[in-house]
Amino acid sequence: MPVRATKRGAARVPFQTGADADVLICGASFAGLTVARELRSTGARVLVLDRYEIGERQTSACAAPTEWLRNLGLAASIRQTFGSLLVHTPAIERARWPLPWTFSTFDYKHLCELLFDQTGEAEFDTAKVESRTGNTVLTDRGEVSAPLIVDALGWRRVLGPGENFQPPDAPLSRGLEVHPAGTGDDLELWIDPRYVNAGYGWSFPARDEVRIGVGSFDPRDPVKQPTLRLVDDVGQEPKGYQGNWIPHRLRPATEDGVFFVGDSAGHCLPLTAEGIRTAFYFGVALGRELRAVVEGRQDRAAALGRYHAFSGSHRWKYEMIYAAQQSIRHLHGRPLDTLARVFTRRKISHWAFGHYLEIAPPQFAVPAPPAAVPAERAMAA
Ligand SMILES: Cc1cc2nc3c(=O)[nH]c(=O)nc-3n(C[C@H](O)[C@H](O)[C@H](O)COP(=O)(O)OP(=O)(O)OC[C@H]3O[C@@H](n4cnc5c(N)ncnc54)[C@H](O)[C@@H]3O)c2cc1C
């Protein structure tokens, strides 16, 4: 049985009265921790909440562009790096798509710990976030208030006004994978209706384990049997299940005075379901806006407006990729085989993947802000 690190029941004592923060970040995964990282050395009280301990619950195959991981100082968490994608369709056994940049699989817990280390003086606590009224968030350990509230809680958008997003009617994809021990040399994709009609299967090696799964853009399509079929076809064992819902439409990045980032803002890219890089990207953007507020360079209203507009300016790119996602189920057969072959041409693949990376380019990441100078040293200087 896996050991739960998170404190439960009686071990979860209520928050002290007046557990207020300058910035309350709900969700301690890719998006939330990146926002906290950008607030390092501001002197603001930054409180990060998650129902699990940092890095305790992996929710993805954990592959991201290597340059993003390097630029954020997370390279130590990398497990394996790939310079191409190996694609399979029913008619094409192997189509190798060369990439102009590399993808790396990484260790989730290690990456989250590295990110949290870079937040400096941010505080972390476990609590299940339940709802919000104005600037007060209700958790299973009591209330916390803050003038700046970030929802980085993933696809449900828990802190939004009204009902949360719920499958199967919300615009959500679904993914399920297993993590058997094993090795491999390639990032592999199966675009094959024998597994899933609207979606794809994958196998992402990560040094001593392989992350194998199936994702569907249609939340009504089951993914368990397809995953088991793929696992069987590649001669692996279905060990260590994990799955989740994945938003595939951009949502408003601010609403009712709250900042949303990562999956809660629908920042995961449609078609590829790549949401880690974009959680970093919008997390950095939001962190910079909040930093300007706590440093007195802009007010909260300006941060809400600027961040909302920044996220919204990406809408047309998301809509274009969404259109490609919607067409996938109609392309099976000759059109998809042709596409798979065309992408084996270096020039075409490099052009397409180069533009794809530009949606959230790794240059956007900068080293973590420097650690705060202790007050005595600053006074003496
Ligand atoms: C099977 C699968 C494989 C994937 N593989 C990849 C991949 O290889 N590469 C890639 O780029 N993307 C991948 N994705 C998409 C990617 O996982 C998400 O887009 C990404 O995790 C979004 O990051 P986030 O920080 O916004 O949200 P999350 O990573 O979902 O983090 C949300 C955090 O909030 C916490 N939380 C949620 N609700 C509450 C609550 N009520 N109270 C307290 N805490 C709460 C959670 O514990 C979690 O820590 C995959 C998705 C799935 C389902």
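Residues numbered from 1 in each chain as written. Predicted model: local features only at pLDDT ≥ 70, side-chain atom pairs only at ≥ 80, totals over all residues.

1. Quick look at the sheet that holds strand 1 (residues 23–26)
Stated precisely, the cut-off is as follows: Strand pairing is assigned whenever DSSP detects at least two bridges linking the two strands. Helix numbers and strand numbers start at the N terminus; a helix is a DSSP run of H or I with at least 4 residues, a strand a run of E with at least 2. What counts as a contact is two residues whose backbone-derived C-beta atoms lie within 7 Å of each other. In this analysis, axes come from line fits to C-alpha atoms, helices being fitted only over the stretch in contact, and the angle between any two N-to-C directions falls in the range 0 to 180 degrees.
In space, the six strands of this open sheet follow the order 6-2-1-10-17-16, with mixed pairing throughout. Lying at the two open borders of the sheet, with one neighbouring strand each, are strand 6 (123–126) and strand 16 (254–255). For strand 16 and strand 17 (residues 258–260), the ladder comprises two bridges, and the chain directions are antiparallel. Paired with Thr 254 across the bridge in strand 17 is Phe 259. The strands touched by helix 1 (residues 30–38) within the sheet are strand 1, strand 2 (46–50) and strand 10 (148–151), with strand 1 carrying the most contacts at an inclination of about 160 degrees. Contacts from helix 5 (residues 276–294) reach strand 1, strand 10 and strand 17 within the one sheet, and its direction differs from that of strand 10 by about 170 degrees.

2. Let's talk about the environment of Thr 254
Let me state the cut-off plainly: Any residue surrounded by 20 or more other C-beta atoms within 10 Å of its C-beta is treated as buried, while 12 or fewer makes it exposed and the intermediate range makes it partly exposed; C-beta atoms here are placed from the backbone.
One can find Thr 254 in strand 16. Take Thr 254: there are 22 C-beta atoms within 10 Å of it, and that puts it in the buried class. Considered as a pair, Thr 254 and Val 150 are 104 residues apart in the sequence and their alpha carbons are 9.2 Å apart. Here Thr 254 is in contact with Phe 259, Phe 260, Leu 304, Tyr 307 and His 308, once residues within four sequence places are set aside.

3. A look at the pairing of strand 5 (residues 95–106)
Pairing geometry for strand 3 (residues 63–65) and strand 5, over three bridges, is antiparallel. Bridged to Ala 63 within strand 5 is Thr 105. Relative to strand 5, strand 4 (residues 78–88) runs antiparallel, the two sharing eight bridges. Its bridge partner lying in strand 5, Leu 86 is registered against Arg 96.

4. Observations concerning the site of the ligand
Stated precisely, the cut-off is as follows: A residue counts as near a molecule or strand when its C-beta atom, positioned from the backbone, falls within 6 Å of it. Under the convention adopted here, Pro, Cys and the residues Ala, Val, Leu, Ile, Met, Phe, Trp and Tyr are nonpolar, Asp, Glu, Lys and Arg are charged, and Gly plus all remaining residues are polar.
Neighbouring residues of the ligand: 37 residues in total, closest Ser 29, Ser 60, Gly 154, Gly 262 and Gly 275. Secondary structure elements with two or more residues in the shell around the ligand: helix 1, strand 3, strand 11 (172–178), strand 15 (242–247) and helix 5. Taken together, the residues of the shell around the ligand sort by class into 17 nonpolar, 12 polar and eight charged.

5. Description of the packing of helix 1 against helix 5
Counted only if it meets this: The handedness criterion is simple: a crossing whose near helix is rotated anticlockwise from the far helix by less than a right angle is left-handed, and one whose near helix is rotated clockwise is right-handed.
At a closest axis distance of 7 Å, the pairing of helix 1 and helix 5 adopts a crossing angle of 35 degrees. In this structure, the crossing between helix 1 and helix 5 has a hand that is right-handed. Along the contact surface, helix 1 presents Phe 30, Ala 31, Thr 34, Val 35, Arg 37 and Glu 38, while helix 5 presents Ile 276, Ala 279, Phe 280, Phe 282, Gly 283, Val 284, Leu 286, Gly 287, Arg 288, Leu 290 and Arg 291. When the residues that make up the contact of helix 1 with helix 5 are grouped by side-chain class, the tally is 10 nonpolar, three polar and four charged.

6. Notes on the sheet that holds strand 15
The strand order across the open sheet built from eight strands is 3-5-4-12-13-14-11-15, with neighbouring strands paired in mixed fashion. Both edges of this open sheet fall to strand 3 and strand 15, since each of them pairs with a single strand only. This sheet shows a mean twist of 30 degrees between the axes of neighbouring strands, independent of strand direction.

7. Concerning helix 1
Burial runs high along helix 1: nine of the nine residues are buried. All of the buried residues in helix 1 are Phe 30, Ala 31, Gly 32, Leu 33, Thr 34, Val 35, Ala 36, Arg 37 and Glu 38. Buried residues along helix 1 sit against strand 1, strand 2, helix 3 (108–117), strand 10 and helix 5.

Everything listed here is a matter of coordinates, which is why it stays silent on function.
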